[in-house]
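One letter stands for each residue in the lines below.
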Amino acid sequence: EDKVVQSPLSLVVHEGDTVTLNCSYEVTNFRSLLWYKQEKKAPTFLFMLTSSGIEKKSGRLSSILDKKELFSILNITATQTGDSAVYLCAVCDAGNNRKLIWGLGTSLAVNP
Amino acid sequence: DVKVTQSSRYLVKRTGEKVFLECVQDMDHENMFWYRQDPGLGLRLIYFSYDVKMKEKGDIPEGYSVSREKKERFSLILESASTNQTSMYLCASSPSAGGGGTPDTQYFGPGTRLTVL
């Protein structure tokens, strides 16, 4: 069965710390991997990754995909309290109407 | 920017009531989705639609139906609400391939928190 597993489930850090969130997957027909940020509302899109080894970057956030080892990481440097959220990883299944298979998320709390 | 709106942010209904959740997107997206999100279970797909009047069952369609009469609007219907349908309901949309965007990327509405008493 296809699945996406995120770790850790939750994380508490202090402002200024750097964090690494992990997403591993087992999806038969991989098409892409997406990261979303969810505060107390709907998920908002961060990155989409399709190729191994190519880093996507937006400000203090960056992400990379390893299609050989079947995982992705999301890095956040110099964390701020506004980074507190649940970070969701999803894999697009090319063989199933491009449905997204979702992980359960990592809950990040950044303390001042 | 893509805008997906949902008719209500909070809704309280009684067991057995028929419930309508409305979703509208303004980006001319072909694809629309309904999810529910519960603690410990994550996002689960209820139904999706790739075109007007077209619908496909997701992973948990039981107890739900949908309607897509116009491209921009996708409605989720709970025929007879039950307490186990208390949840956060999220609507999303995405463009088709060649539609000027990436079909994989789904854009979400603000969600409707439904409580069934």
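Predicted, not measured: the structure shown is a model, and the values here were computed from it. (Residues numbered from 1 in each chain as written. Chains lettered and ligands numbered in written order. Predicted model: local features only at pLDDT ≥ 70, side-chain atom pairs only at ≥ 80, totals over all residues. Heavy atoms only, no water.)

A. Representation of the overall build of chain B in the model. Scanning chain B from N- to C-terminus turns up 0 helices and 11 strands. Reading chain B from its N terminus to its C terminus gives the helix and strand order β-β-β-β-β-β-β-β-β-β-β. A compact globule built from 117 residues would reach a C-alpha radius of gyration of about 13 Å, and chain B, at 14 Å, matches this within 12%. Principal axes of the C-alpha set define a box for chain B whose edges measure 45 × 30 × 25 Å. Buried positions account for 48% of the 117 residues belonging to chain B. The contacts in chain B between residues at least 6 apart in sequence include a share of 56% that link residues at least 24 apart. (Helix = DSSP H or I, 4+ residues; strand = E, 2+ residues; numbered from the N terminus. Rg over C-alpha atoms; globule rule 2.2 N^0.38 Å. Buried < 20%, exposed > 50% of the residue type's maximum accessible area, 1.4 Å probe, protein only. Contact = heavy atoms within 4.5 Å.)

B. Region of interest: the nonpolar core. Within the largest apolar cluster, 23 residues are counted, with the highest numbers of intra-cluster contacts made by A:Val4, A:Tyr25, A:Leu33, A:Trp35, A:Tyr87, A:Val91 and A:Leu108. Mapped onto this core, the elements with two or more residues apiece are β3 (19–26), β4 (30–38), β5 (44–49), β7 (61–66), β8 (71–76), β9 (85–93) and β11 (106–111) of chain A. Excluding residues that lie within four positions of it along the chain, A:Val91 makes contacts with A:Val4, A:Tyr25, A:Val27, A:Phe30, A:Ser32, A:Leu33, A:Lys99, A:Leu100 and A:Ile101. Counting 20 residues, the second largest nonpolar core, distinct from the first, contains B:Val4, B:Leu21, B:Val66 and B:Leu78. (Core = buried A, V, L, I, M, F, W, Y, C linked by side-chain atoms within 4.5 Å.)

C. Main features of the side chain of B:Ser49. Residue and element names in this part refer to chain B. Here serine 49 shows up in strand β5 (residues 42–49). Judged by its relative accessible area of 0%, serine 49 falls in the buried class. For serine 49, the side chain forms a polar contact with the main-chain oxygen of aspartate 51, separated by 2.8 Å. Here serine 49 is in contact with Glu30, Asn31, Met32, Met54, Lys55, Arg68 and Phe74, once residues within four sequence places are set aside. (Polar contact = N/O pair within 3.5 Å; in protein donor to acceptor, adjacent residues only side chain to side chain.)

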